[in-house]
Amino acid sequence: MEKDWFPSRVAARRAWYTNFVAAVTAVAAALKLDAGPATAEAQAWLVADAAAEAARTAAQAASKTAQAQNRPSEDAARAFVKQLKATPGVTPAQLETLHCVGADTDPQQKVGAEAPVLALSLEAGHVVVKFQKHGHQGILLHSSRGDEKEFTLLGLDTFSPYHDTRPNLVPGQPEDRHYRAYFAERDVAVGDLSATATVAVRG
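Residues numbered from 1 in each chain as written. Predicted model: local features only at pLDDT ≥ 70, side-chain atom pairs only at ≥ 80, totals over all residues. Heavy atoms only, no water.

Student: Give a description of helix 2 (residues 36-85) that names residues and reports values.
Tutor: The end-to-end C-alpha distance of helix 2 is 71 Å, a good match for the 74 Å that 50 residues give at a rise of 1.5 Å each. The largest bend along helix 2 reaches roughly 30 degrees and is located at Asn-70, with the proline Pro-72 sitting one to four residues downstream. Among all positions of helix 2, only Thr-39, Ala-42, Asp-49, Glu-74, Val-81 and Leu-84 are buried. In this structure, the buried side of helix 2 is in contact with helix 1 (10-30) and helix 3 (92-97). (Helix = DSSP H or I, 4+ residues; strand = E, 2+ residues; numbered from the N terminus. Expected span 1.5 Å × (residues − 1). Bend = angle between axes of the 7 residues up to and from the residue. Buried < 20%, exposed > 50% of the residue type's maximum accessible area, 1.4 Å probe, protein only. Contact = heavy atoms within 4.5 Å.)

What follows is the structure, encoded as structure tokens:
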């Protein structure tokens, strides 16, 4: 069966629409065709795609900011509650009101709070990422592939292994996949960032 000419992947579709908008006017004029509606829809897709990409970039930046703020905010809260519990006259009702009844167990200080160690392998054409949780909730796994410059959060994984079943960015073309991770507690990163693990994936 002959391959469909219209690209299915976002990156390839972006390139196709960009070329179409640039080249279609001359071709349509030579053949006395009206390319206006198709050109307008192509431009609308490019505008929508640019907005979506900007939103993804902003979301990643906001996530990094929130992640960076997690530690100083928790430290301040723990310091105050420690002082509160040591204050003469504090009552159980007051502690209950502030939702700070219980042990002062800082997940950052857990055994194994050092960086995760990732082990990569290939299985049926996709990447398998193995890791040990060392008592943590799981890992926050990030990845980049091909010529991508930024790492993208794949998600919180609470059970090893993680199966990365994404197709290659360019169908039929090999690419390197890069992975790194933090340990996670309460859905946020703790400890240090792991070393980057890399594996080559065939197209």
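Student: I'd like a description of a nonpolar patch on the surface, backed by residues and values.
Tutor: Residues Val-27, Leu-31 and Leu-33 make up a contiguous nonpolar surface patch of about 320 Å² in total accessible area. Position of Val-27 relative to the elements: it lies in helix 1. (Patch = residues over 30% accessible without salt bridge, like charges linked within 9 Å, V, L, I, M, F, W, Y side chains within 5 Å. Areas by Shrake-Rupley, 256 points an atom, 1.4 Å probe, with all protein chains shown as cover. Salt bridge = Lys/Arg side-chain N within 4 Å of Asp/Glu carboxyl O.)

Student: Give a detailed account of the packing of aromatic side chains, specifying residues and quantitative values.
Tutor: Per the stated rule, a full pass over the model turns up seven aromatic pairs. An angle of 15 degrees between the planes, with centres 5.1 Å apart, marks the rings of Trp-16 and Phe-20 as stacked. With Trp-16 and Phe-20 both in helix 1, this residue pair falls four residues apart, about one helical turn. Overall, the relative accessible area of 27% leaves Trp-16 in the partly exposed class. Directly above the aromatic system of Phe-151 lies the positively charged group of Arg-180, at a separation of 3.8 Å from the ring centroid. (Phe/Tyr/Trp six-rings, centres within 6.5 Å; stacked < 30°, edge-to-face > 60°. Lys NZ or Arg CZ within 6 Å of the ring centre and 35° of its normal.)

Student: Tell me about the pattern of salt bridges, residues and numbers included.
Tutor: Applying the stated criterion to the full structure yields nine salt bridges. A salt bridge links Arg-78 to Glu-74, with the shortest nitrogen-to-oxygen separation between them at 2.8 Å. Here Arg-78 pairs with Glu-74, and both are found in helix 2, just four residues apart, close to one helical turn. Judged by relative accessible area, Arg-78 falls into the partly exposed class, the value being 23%. Overall, the relative accessible area of 14% leaves Glu-74 in the buried class. As a salt-bridge pair, Asp-164 and Arg-177 come within 3.2 Å of each other at their nearest N and O atoms.

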